[in-house]
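Secondary and tertiary structure notes
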Amino acid sequence: MTQNIYDDPTFYQAYRRLDRSVQGLGGAPEWPALQALLPDVRRARIVDLGCGFGWVCRWAREKGAASVLGVDVSENMLAQARSMTADPGISYEKADLERLQLPVGSFDVAYSSLALHYVENLGRLFEQINRATVSGGRLVFSVEHPLFTAPSCPDWIGGAGGRCVWPLDGYLSEGPRSTDWLAKGVIKQHRTIATYLNLLIAAKFTILHVEEWGPTPEQITTHPSWALERERPAFLLISAQR
Ligand SMILES: C[S@@+](CC[C@H](N)C(=O)[O-])C[C@H]1O[C@@H](n2cnc3c(N)ncnc32)[C@H](O)[C@@H]1O
C-alpha cells in the first residue's frame, strides 16, 4: 500500500520549503552529477517517474526534448508542477509507480530523481520501464544511498575527537524503514547496492555507470557545511541502457 506522504499536509508544508523545492535544480546538490549521466535529450521522448514539481520535465524541454511525461502519485506535487508549467510538450499524470503501466517502446529516456526508494516492488517497475523504452534507450535515476536508508536511527552521532560518525545497522535486512524526516513515520524502502544492480540486470538493462554521490571540492568551497556529506554518500546515481 503506497503511503503517498507528499499529500500529508505536515510533510508537504515542510518539503515545499526545502532548497530543492524553492530553487529547483540549482538547489539540488547532486543535480550536476545526475545531469552528466543523461544522454543528449534533444528530440527525445522522456518519462520522469516521481516528477515532483516537474523541474526536470521543464529542463528537458528547454534542452530540446520532443515530449516529457511526468508521473507522480501526489496531488500536491502535480498541482504545483502544473502551476509552474506552460508547455504543451509536457504532460503530467497521476499514477502510482507500484502499478504503473506505460505504453510499449514509447520512450527514449526514463528518468527518476529520489523517488524509487519509496517503491516496494522495484523489480516490476524496472521491467515495465524496460518494455516502455526503445532499444538503446536509457534509464537514469537517483535514490537515497543504501547507507542512508539502512540505519534505524539515520542521523549523525558525535564521535571521538569531535568527529561525526554515521551509524550503520540493518544493512542486509532489506525492506521498509519508518523515519521521522519532515514528518513522523515516513516509509522508505531499504535495499542494498547489490539488489539495485541485480534488479536492473534481471530486467535486462546494461549498467553503464554507478556513482556514490558526495559534494565536489568546488561545491564544498561554496557550501562549507556540505563537507560532512563526504563522510558517507547520501545518494546513489545509476545510468543503464536497454
Ligand atoms: C523527493 S521527491 C522528488 C521529486 C522530483 N523527482 C525531484 O527530484 O525534485 C519524491 C517524489 O516521488 C513521488 N513518489 C513517491 N512514491 C511514489 C509512487 N509510489 N508513485 C509515484 N510517485 C511517487 C512523490 O510524490 C514525490 O513527488
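Up top you'll find the structure we're talking about.
Bear in mind the structure is a predicted one, so any value in this text is a computation, not a measurement.

Moving on: the packing of aromatic side chains. Enumeration according to the criterion identifies 13 aromatic pairs in this entry. Relative to Phe235, the ring of Trp213 has its centre 5.5 Å away and its plane inclined at 45°; by these criteria the two rings are tilted. Here Trp213 is found in strand E10 (residues 206-213), whereas its partner Phe235 is found in strand E11 (residues 235-241), with 22 residues between them in sequence. The lysine or arginine in question, Arg58, covers the ring of Trp55, its NZ or CZ lying 5.1 Å from the ring centre. Over the aromatic face of Trp166 sits the side chain of Arg232, whose NZ or CZ is 4.1 Å from the ring centroid.

Further remarks concern the nonpolar core. Ranked by internal contacts, the top residues of the largest apolar core, which has 29 residues, are Trp31, Ile46 and Trp59. If you list the elements that add at least two residues to this core, you get helix H3 (31-37), helix H4 (55-62), helix H5 (75-83), strand E3 (90-94), strand E4 (107-113) and E11. Setting aside residues up to four positions removed in sequence, Trp59 forms contacts with Leu25, Trp31, Gln35, Leu38 and Val41. Membership of the second largest hydrophobic core comes to 27 residues, among which are Ala110, Phe126, Ile238 and Ala240.

Before going further, it helps to examine the site of the ligand. Taken together, 18 residues sit near the ligand, with Gly50, Asp72, Asp96, Leu97 and Ser113 positioned nearest. Asp72 has a polar side-chain atom sitting 2.6 Å from an oxygen atom of the ligand. A distance of 2.8 Å separates a nitrogen atom of the ligand from a polar atom in the backbone of Leu97. In the complex, the protein chains occlude 93% of the 600 Å² of accessible area that the ligand would expose alone. Residue classes in the shell around the ligand are distributed as eleven nonpolar, five polar and two charged.

Let us now look at H4. Along H4, the residues that are buried comprise Val56, Cys57, Arg58, Trp59 and Ala60. Directly beyond the C-terminal end of H4, a positive phi value near 105° is found at Gly64.

What follows deals with the pattern of salt bridges. In total, this model carries ten salt bridges according to the counting rule given. For Asp87, the salt bridge is made with Arg61, and the minimal N-O distance between the two is 2.8 Å. Highlighted residues: Asp87 in the loop between H5 and E3 and Arg61 in helix H4, separated in sequence by 26 residues. The class for Arg61 is partly exposed, based on a relative accessible area of 27%. The shortest N-O distance in the salt bridge between Asp96 and Arg99 comes to 2.8 Å.

This part is about the environment of Ala28. By the secondary structure assignment, Ala28 is in the loop between helix H2 (19-22) and H3. Looking at Ala28, the relative accessible area reads 8%, which means it is buried. Measuring from C-alpha to C-alpha, the distance between Ala28 and Leu18 comes to 9.6 Å, with ten residues separating the pair along the chain.

Conventions adopted
Residues numbered from 1 in each chain as written. Predicted model: local features only at pLDDT ≥ 70, side-chain atom pairs only at ≥ 80, totals over all residues. Heavy atoms only, no water. Phe/Tyr/Trp six-rings, centres within 6.5 Å; stacked < 30°, edge-to-face > 60°. Helix = DSSP H or I, 4+ residues; strand = E, 2+ residues; numbered from the N terminus. Lys NZ or Arg CZ within 6 Å of the ring centre and 35° of its normal. Core = buried A, V, L, I, M, F, W, Y, C linked by side-chain atoms within 4.5 Å. Buried < 20%, exposed > 50% of the residue type's maximum accessible area, 1.4 Å probe, protein only. Contact = heavy atoms within 4.5 Å. Near = heavy atom within 4 Å. Polar contact = N/O pair within 3.5 Å; in protein donor to acceptor, adjacent residues only side chain to side chain. Areas by Shrake-Rupley, 256 points an atom, 1.4 Å probe, with all protein chains shown as cover. Nonpolar A, V, L, I, M, F, W, Y, C, P; charged D, E, K, R; others polar. Salt bridge = Lys/Arg side-chain N within 4 Å of Asp/Glu carboxyl O.

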